[in-house]
Amino acid sequence: MIVDDRLDVTAAEVHGRRERVRAAMTSERIATLAVYNNGQHDMTRMDPLFYLTDFYCIGPCWLLVPAAGRPVLYVTPGWDAPRARATVPGVDVIAGDPDAILRLVGDALAGTVGTAALSGGDALSVHAARYLGDITALRTAGDLIARIAAVKSPAELARTERAAEIADLGFARLRECARTGMREFELAAEVEAAMKAAGADDNFGLIAAGPDLSAIRSATDRRLEPGDSIVGEITPAYRGYHAQLCRTFVLGEPRPKVRSNFDLLIDAERQAFAQALPGRSTAEIAAAANDAISAGGYGEFCRPPYMRTRGHGLGVGGVIPDLDPDDGIALEAGMTFVIHPNQYFPDSGYLMLGDTVVIERGGPRPLTKTPATLFWRPL
Amino acid sequence: MQTVHSVIKHGAFYWDHELVPLAVLEARLEKVRAAIRAAGDAAWLFYGDARSCGALAYVSHYFPRLRDAVLLVALDAPPVLFVNGAPRMVPSMKPLTWIADVRGFGRPPKPLAALLTETNLAGARVGTVGVAESFPALEWNELGALVPGIAFAERDAEFAQLRREKDAVDLGVSAKATGILAEAFAVAGTLLQPGASTGAAFAAIERVLRLAGAEDVRILTGGGADGTDLAPPVERVLAAGESIMLFLGVEMQRYWAEGMRTFAIGAGNPQADALAARAQAAVDAMAAAAVTGVRGSVLAAAAQTALADDALLAAASAYGLGHGIGLDVHEWPSIAAGSRDVLTPGTALALHVVLKNGSAGAGAGRTVVVR
């Protein structure tokens, strides 16, 4: 659901993003940047086309950004052109059916090997690539756009904050609705409806229940039972920007092991937050979470095949890589992450705790406000 | 109709064994194997992603909620399904399919190359279905380099031919999906009233579909203050005296159905309501013409006759008049002027007519089955 309100990213801001990209193109000697989205949105991957247009594409779309002159937005399906023109000022819009657009883009990029670079090319299908000649010969733009997008503007942050408010509301709805005998997908439908009514335009939603889950998964037709731990990875998007809340809710009084293991997650999140400072590495966040859980005797379960990451960047998809103890980037103020020490425990099943934060000079500021506690309701 | 694709399918994630019996899926596997033999291939490789996975689901009943999956059907070995996800996620995906050998992957090239080698296909000809449309080109090139002895041949046309013969599941699940759409439109009629928030109303409509077991829901709106074209919903308050289009798509047990209605808000907009009546007449004319043996162009001609207006026809043609629908949102046949596709019995068709005239926009649409 798209809402017209104070959270509008202005045309000037979007233009500014394109100008920063152009500056980077100049320094990397890129004459034309071809930005592609195949129409599929993915919370775990950045959508560079959305970042440079503020336009939610429906079908495969291209934005060709020349070093000088007006960018051109190629839109499918053709009937979506009026929305594109209204949403994206400062660019020329050309609309048509997918193959016609591919022909036009192929023509525009003909002869640019070595001077043009491709962003989003990993989503190009075999069919689409045929129009572009030898795509392996095209340069990739790598993380050129992601680097620029990593630090959020005030308007982007405002959207992420709104998404976080909606995530809190979604979990509150989960606590309110969950009851014995209800199917998992019915509970997910209630959570989703509450968040959509509050303005969410999408949701990376996973809700699962059971006495000893091995991992989070999608909602099935399983009926909730007394003693179930219900875990939710609730990730609404507000005008394209995601926030994530991970929590656990128990139907009935939690077993002692569920309580004590959840206490480990609370400590792990606290320790991870303590590392989330400008200048530190994202790897330190993950390592701190792992250390806290290992101190409880579960170190072997902090590694694959049980667990891997402790969070990831959020915003227009996953701009920043996973919070991995073996690979990190330097944190900067204004970056947004979800930090989630979600963990599989052999004696209590999978438990979830995680919050969206923005990195600030003094440390991370949680945007999700649901208390970091184990929620439960007596039967 | 093409709509915003959500970041993940977040509806019901299960296999309804009553609606989709195992025996039908096993029979489909044998049909596929017969087609593989007829093509002279050693195996077929099916690829699908969260947007388009009909070919993959036809045999396996699996659908990726996020990213992709690959199914290898060989003549002389059990089928193997690769699902995108860490190994610890595989147990939660297995109940969606009857394929016994389910393996997790992150990127397809290496594990696929290993499987093709393991199943003695390294020097064989392997047909592909869904690969051209969706397989990421860079990864496909990588796979080709890893198994240089394999000759891949596109078999999308052969598979599409096989799919034209409908079975009990094709018919039964399409009918179920169409039925829950009708319930959602009935609820929409009660919610889309003057003063209503579109956000709250559309959320409530989507809730109806999801509680009924929808795997995915798509919504587009237009008309009234939103302008004359369909677009993703915008939050606003409905005003008396406008008329708005509501397009709904729903996926249930891997099958899609679509529909569209125009709702008068209060007294509605007379100009838009008149357009809606003409759109409905054109859809009805196409539905009446949807009988076995006629070409897709005949249905388009029926719409043209019903509209009897070149400008309106041009507006409708921008959106298309319809297409086959089932395991994929867009399937064979094409419903358009010039379409030579000959309709076969049991084929589900999504018919829709979107019209605009000046500042008014209206539309109608429904899913019908070829008689």
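Predicted model only: the values in this text are computed from it and were never measured. (Residues numbered from 1 in each chain as written. Chains lettered and ligands numbered in written order. Predicted model: local features only at pLDDT ≥ 70, side-chain atom pairs only at ≥ 80, totals over all residues. Heavy atoms only, no water.)

### Quick word on the overall build of chain A
- Summing up its helical and strand segments, chain A has 10 helices and 19 strands in all.
- Rg of the C-alpha trace for chain A: 22 Å, near the compact-globule value of 21 Å for 379 residues, within the 12% margin.
- When the backbone C-alpha atoms are referred to their principal axes, chain A occupies close to 65 × 40 × 40 Å.
- Expressed as a percentage of the 379 residues in chain A, the buried residues total 63%.
- Excluding contacts between residues fewer than 6 apart, the proportion of contacts in chain A whose partners are at least 24 apart in sequence is 67%.
- When the accessible surface of chain A is split by element, carbon and sulfur atoms take 52% of a total near 13300 Å².
- A gap of 2 Å separates the mean positions of the 39 positive and 48 negative side-chain charges of chain A. (Helix = DSSP H or I, 4+ residues; strand = E, 2+ residues; numbered from the N terminus. Rg over C-alpha atoms; globule rule 2.2 N^0.38 Å. Buried < 20%, exposed > 50% of the residue type's maximum accessible area, 1.4 Å probe, protein only. Contact = heavy atoms within 4.5 Å. Areas by Shrake-Rupley, 256 points an atom, 1.4 Å probe, with all protein chains shown as cover. Lys, Arg positive; Asp, Glu negative; His and termini not counted. Charge placed at Lys NZ, Arg CZ, Asp CG, Glu CD.)

### Describing the pairing of strand β18 (residues 363–366) of chain A
Residues and elements named next belong to chain A.
- Taken together, the 4 bridges between strand β17 (residues 355–360) and β18 define a ladder with antiparallel strand orientation. Bridge pairing links Glu 360 to Gly 363 in β18.
- Count of turn residues in the β17/β18 antiparallel hairpin: 2 residues. (Pairing = 2+ DSSP bridges.)

### Digging into the sheet that holds strand β8 (residues 206–210) of chain A
Residue and element names in this part refer to chain A.
- With mixed pairing, 4 strands are arranged side by side in an open sheet as β8-β9-β12-β19. Every interior strand has two partners, whereas the edge strands, β8 and β19 (375–377), have only one. Pairs of neighbouring strands in the sheet enclose a mean axial angle of 20°, with direction left out of account.
- Pairing of strand β9 (residues 229–234) with strand β12 (residues 245–251) involves 6 bridges; the strand directions are antiparallel. (Axes fitted to C-alpha atoms, helices over the stretch in contact; angles between N-to-C directions.)

### Here we look at the interface of chain B and chain A
- With 53 residues of chain B at the contact, the number on the chain A side is 55 residues.
- In total, about 4400 Å² of surface goes out of reach between chain B and chain A, with carbon and sulfur atoms giving 61% of it.
- By the criterion of area lost to chain A, the three top residues of chain B are Val 7, His 10 and Arg 88 of chain B, representing 15% of everything that side buries.
- Connecting chain B to chain A are 4 salt bridges.
- In this structure, the salt-bridge partner of Arg 207 of chain B is Glu 190 of chain A, at a minimum N-O distance of 2.8 Å.
- Our enumeration of links across chain B and chain A arrives at 16 residue pairs in polar contact (both at pLDDT 80 or more).
- Sorting the residues of the side of chain B that touches chain A by element identifies α5 (131–134), α6 (137–146), α9 (198–211) and α12 (310–319) of chain B as the ones contributing at least two each.
- Ranked by residues supplied to the side of chain B that touches chain A, first place goes to α9 of chain B with 9 residues. (Buried area = accessible area lost by both parts, 1.4 Å probe. Salt bridge = Lys/Arg side-chain N within 4 Å of Asp/Glu carboxyl O. Polar contact = N/O pair within 3.5 Å; in protein donor to acceptor, adjacent residues only side chain to side chain.)

### Describing the domain arrangement of chain A
Residues and elements named next belong to chain A.
- When its domains are assigned, chain A resolves into domain 1 (4–149) and domain 2 (154–377).
- Distance from the C-alpha centre of domain 1 to the C-alpha centre of domain 2: 32 Å.
- With 20 residues of domain 1 at the contact, the number on the domain 2 side is 23 residues.
- Carbon and sulfur atoms make up 56% of the surface buried where domain 1 meets domain 2, a total of about 1700 Å² over both sides.
- At the boundary of domain 1 and domain 2, one finds 2 salt bridges.
- Between Arg 17 and Glu 156 there is a salt bridge whose closest N-O contact spans 3.8 Å.
- Summed over the shared surface of domain 1 and domain 2, the number is 2 residue pairs in polar contact (both at pLDDT 80 or more).
- Elements with a contribution of two residues or more to the side of domain 1 that touches domain 2: α1 (11–27), α2 (48–53) and α6 (144–149).
- When the residues that make up the side of domain 1 that touches domain 2 are grouped by side-chain class, the tally is 9 nonpolar, 1 polar and 10 charged. (Domains from an automatic or database assignment. Nonpolar A, V, L, I, M, F, W, Y, C, P; charged D, E, K, R; others polar.)

### So, the pattern of salt bridges
All names here are of chain B.
- According to the stated counting rule, one finds 46 salt bridges over all chains in the structure shown.
- One salt bridge in this structure joins Asp 41 and Arg 155, with 2.7 Å as the shortest N-O distance. In this pair, Asp 41 sits in the loop between α1 (22–39) and β1 (43–49) while Arg 155 sits in the loop between β6 (151–154) and α7 (156–163), placing the two residues 114 residues apart along the sequence.
- Taking the shortest distance from any N to any O, the salt bridge between Glu 215 and Arg 254 comes out at 2.4 Å. Linking Glu 215 in the loop between α9 and β7 (216–223) with Arg 254 in the loop between β8 (243–252) and β9 (255–264), this pair joins segments that are 39 residues apart in sequence.
- Classification of Glu 215 by relative accessible area gives buried; the value is 1%.
- Residue classification places Arg 254 among the buried positions, given a relative accessible area of 0%.
- When salt bridges with common partners are traced through the structure, they connect Arg 28, Arg 163, Asp 167, Asp 170 and Glu 331 into a single cluster.

### Observations concerning the pairing of strand β3 (residues 80–84) of chain B
All names here are of chain B.
- Counted residue by residue, β3 has 5 buried out of 5 residues, so it is predominantly covered.
- Side-chain alternation along β3 places Val 80, Phe 82 and Asn 84 on one buried face and Leu 81 and Val 83 on a second face that is also buried.
- Relative to β3, strand β2 (residues 68–74) is paired through 4 bridges, and the arrangement is antiparallel. By the bridge assignment, Ala 69 is partnered in β3 with Val 83.
- Pairing of β3 with strand β4 (residues 101–105) involves 5 bridges; the strand directions are parallel. If you follow Phe 82 over to β4, its bridge partner there is Arg 103.

### Describing the nonpolar core
All names here are of chain A.
- Judged by nonpolar contacts, the single largest core of 47 residues is most densely connected at Phe 337 and Ile 339.
- Contributions of two or more residues to this core are made by β8, β12, α9 (256–275), α10 (282–298), β14 (336–339), β15 (343–345), β16 (349–351) and β17.
- Looking at this core, the element that brings in the most residues is α9, giving 8 residues.
- When residues no more than four places from it in sequence are discounted, the contact partners of Ile 339 are Glu 269, Ala 272, Phe 273, Ala 276, Ile 285, Arg 310, Gly 311, Leu 323, Leu 353, Gly 354, Asp 355 and Val 357. (Core = buried A, V, L, I, M, F, W, Y, C linked by side-chain atoms within 4.5 Å.)

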